[in-house]
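Now for the letters of each chain:
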Amino acid sequence: MNEDKLKIVVFGAFGAGKTTLIQTLDPNSKHVEADCAGGSTTIALDFGRIVVNGRHVYLFGTPGQERFEFAREIIGKGMDGAILLVDATSQIDDFTQHLYDSLSDAKIPFVVMINKCEEVGAHTDIIKKHFSRVPILVISAKDYGKSSEALCSFIAPLPPGKGHVHHDESH
Ligand SMILES: Nc1nc2c(ncn2[C@@H]2O[C@H](COP(=O)(O)OP(=O)(O)OP(=O)(O)O)[C@@H](O)[C@H]2O)c(=O)[nH]1
Ligand SMILES: [Mg+2]
């Protein structure tokens, strides 16, 4: 049934940890990525699915590189909620601010998740203060407990999905 399906899209700057978060939440998730200096980068999307309190949650990850704006627009169509992932070990950059402003304008429920909080250099408080007008959740995308707890608390108050996900469970 459509109302059981939520489309949640994860946004964030290059290297914020979007792919890691989706992989942690759904170890069977799929990714389209390319090699880059020091690791890999998403060049199309990530896709994972999980069930949270009986609701089917479809997680879409976007590419963080600015040149993939077109991909973010396509992936974001019909989303029921969005997560803006922010790396606590970096400065808040213009691109993260742009994503924040776009999501605020889009008038869809969204939350900021501050990632890499277990790192010694994480400056969680500065980011919390900066994005004080939306709910903030502090996570480590590598940590299943923290990531799933944050997702559950974001999902819980969301209204039924608008039905933009059509998924055949056999795939
Ligand atoms: N310390 C720490 N590192 C993390 C965490 N989450 C992700 N990383 C690391 O951050 C780097 C980038 O992670 P990705 O998940 O590829 O980031 P992304 O946001 O998908 O990157 P793009 O697709 O290129 O935009 C990798 O080296 C991850 O291992 C975390 O919670 N803690
Ligand atoms: Mg990625």
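Everything below is about the structure shown above.
What you see is a predicted model, and the numbers here were worked out from it, not measured in a lab. (Residues numbered from 1 in each chain as written. Chains lettered and ligands numbered in written order. Predicted model: local features only at pLDDT ≥ 70, side-chain atom pairs only at ≥ 80, totals over all residues. Heavy atoms only, no water.)

**Some words on the side chain of Thr24**
Basically, it comes down to this: Here a strand is any run of E in DSSP of at least two residues, a helix any run of H or I of at least four, and the numbering for each starts at the N terminus. Exposed residues in this analysis have more than 50% of their type's maximum accessible area, buried residues have under 20%, and partly exposed residues fall in between, with area computed by a 1.4 Å probe over protein chains only. Any pair of residues with heavy atoms lying within 4.5 Å of one another is described as a contacting pair.
Along the polypeptide, Thr24 turns up in helix H1 (residues 18-25). On the basis of relative accessible area, Thr24 is assigned to the buried category, the value being 16%. Filtering out sequence-adjacent residues up to four positions away, Thr24 remains in contact with Ala141, Lys142, Asp143, Tyr144 and Ser147.

**Some thoughts on the packing of aromatic side chains**
Under the convention used in this document: Aromatic rings from Phe, Tyr and Trp, with only the six-membered ring used for Trp, were paired whenever their centres fell within 6.5 Å, and each pair was classed as stacked if the ring planes differed by under 30 degrees, edge-to-face if by over 60, and tilted otherwise.
Considering all chains together, one arrives at five aromatic pairs under this definition. Judged by centre distance (5.2 Å) and plane angle (50°), the ring pair of Phe47 and Phe60 falls under tilted. One end of the pair, Phe47, is in strand S3 (residues 39-52); the other, Phe60, is in strand S4 (residues 55-61), with 13 residues separating them in the sequence. With relative accessibility at 14%, the residue Phe60 sits in the buried group. Ring centres of Tyr100 and Phe110 lie 5.6 Å apart, and the angle between their planes is 70°; on these two criteria the pair is classed as edge-to-face.

**A few points about the site of ligand 1**
Selection rule: Only a single heavy atom is needed: when it lies within 4 Å of a molecule or strand, its residue is near that molecule or strand. Here a polar contact is taken to be a pair of N or O atoms separated by no more than 3.5 Å, where protein atoms must pair a possible hydrogen donor with a possible acceptor and residues adjacent in sequence count only if both atoms sit in side chains. Accessible surface is estimated by sampling points in the Shrake-Rupley manner with a 1.4 Å probe; for residues, cover comes only from the protein chains shown.
Surveying the vicinity of ligand 1 reveals 18 residues, the closest of which are Lys18, Thr20, Thr41, Glu118 and Glu119. Gly64 places a main-chain nitrogen or oxygen 2.9 Å from an oxygen atom of ligand 1. Within the side chain of Glu119, one N or O atom sits 2.7 Å away from a nitrogen atom of ligand 1. When ligand 1 is considered free in solution it has 660 Å² of accessible area, and contact with the protein chains removes 82% of it. Where the shell around ligand 1 is concerned, the elements lending two or more residues are H1 and S3.

**Notes on the coordination of the magnesium ion (ligand 2)**
Here is the rule: Here a donor is any nitrogen, oxygen or sulfur atom (N, O, S) within 2.8 Å of the metal, with 3.2 Å used for Na, K and Ca; water is not among the atoms considered, so some sites may look incomplete.
At the metal site, the magnesium ion (ligand 2) is ligated by Thr19 (OG1) and Thr42 (OG1), and these contacts range over 1.9 to 2.1 Å. Residue Thr19 is found in helix H1, and its partner Thr42 is found in strand S3; the two are separated by 23 residues along the sequence. For the residue pair Thr19 and Thr42, the accessibility class agrees, reading buried in each case.

**Quick word on the sheet that holds S3**
Short version of the rule: Between any two strands, at least two bridges found by DSSP are needed for them to pair. The axes used here are C-alpha line fits, helices contributing only the stretch in contact, and every angle between their N-to-C directions lies in the interval 0 to 180 degrees.
Judged by pairing direction, the sheet is mixed, and its seven strands sit side by side in the order S2-S3-S4-S1-S5-S6-S7 without closing on themselves. Two strands in the sheet have a free side with no partner beyond their single neighbour: strand S2 (30-36) and strand S7 (136-138). Across the sheet, the mean angle separating the axes of adjacent strands is 20° when strand polarity is ignored. Of the strand pairs in this sheet, strand S5 (residues 81-87) and strand S6 (residues 110-115) are connected by six bridges, and their pairing is parallel. Looking across to S6, one finds that Ala82 is bridged to Phe110. On the sheet, helix H2 (residues 69-76) packs against strand S1 (5-12), S3 and S4 and is oriented at approximately 160° with respect to S1.

Spatial relationships are all this shows, so hold off on functional conclusions.
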